[in-house]
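# Understanding the architecture of this molecule
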Amino acid sequence: MTNSFNDIALLNEHIKEYQEKDSDSSYLFLKEVAKRSPFPMTKNRARKVLEERGVRV
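The present account deals with the structure reproduced in this document. This structure is a prediction, so every number in the text was calculated from the model and none was measured.

A separate point is the packing of helix α1 (residues 8-21) against helix α3 (residues 40-52). Interaxial distance between α1 and α3 falls to 11 Å at its minimum, and their mutual angle equals 0 degrees. Overall, the two elements α1 and α3 adopt an arrangement that is roughly parallel. In this structure, α1 uses I8, L11, N12, I15, Y18 and Q19 to contact α3, whose residues at the interface are T42, R45, A46, V49, L50 and E52.

Put into structure tokens, the structure is as follows:
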């Protein structure tokens, strides 16, 4: 999963899925990225999307 931590296209796809369909797998992916990503940009982006939905990371 290390590569996916900085894969912007994959992150964007999951964000879209989560925002449009409340996809559980996208939620889990975003939560994982928000917690474990060594890349501040992707980590903060995932965290921001989750927090917009009221999810604490």
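For the rest of this paragraph, the subject is α3. Within an α-helix, residues lying three or four positions from one another point in the same direction, as the helix has 3.6 residues per turn. Its 13 residues give α3 an end-to-end C-alpha distance of 18 Å, which sits within 8% of 18 Å, the value for a rise of 1.5 Å per residue. Lining the buried residues of α3 we find α1 and α2 (24-36). Just past α3, the residue G54 takes up positive phi, approximately 85 degrees.

Among the nonpolar cores identified, the biggest contains twelve residues, and these are F5, L11, I15, Y18, F29, L30, V33, A34, A46, V49, L50 and V55. Sorting the residues of this core by element identifies α1, α2 and α3 as the ones contributing at least two each. The leading source of residues in this core is α2, at four residues. Setting aside anything within four residues of it in sequence, one finds A34 in contact with K43, A46, R47, L50 and V57.

What counts, and at which threshold
Residues numbered from 1 in each chain as written. Predicted model: local features only at pLDDT ≥ 70, side-chain atom pairs only at ≥ 80, totals over all residues. Heavy atoms only, no water. Axes fitted to C-alpha atoms, helices over the stretch in contact; angles between N-to-C directions. Helix = DSSP H or I, 4+ residues; strand = E, 2+ residues; numbered from the N terminus. Parallel < 35°, antiparallel > 145°, perpendicular 65-115°, else oblique. Contact = heavy atoms within 4.5 Å. Expected span 1.5 Å × (residues − 1). Core = buried A, V, L, I, M, F, W, Y, C linked by side-chain atoms within 4.5 Å. Buried < 20%, exposed > 50% of the residue type's maximum accessible area, 1.4 Å probe, protein only.

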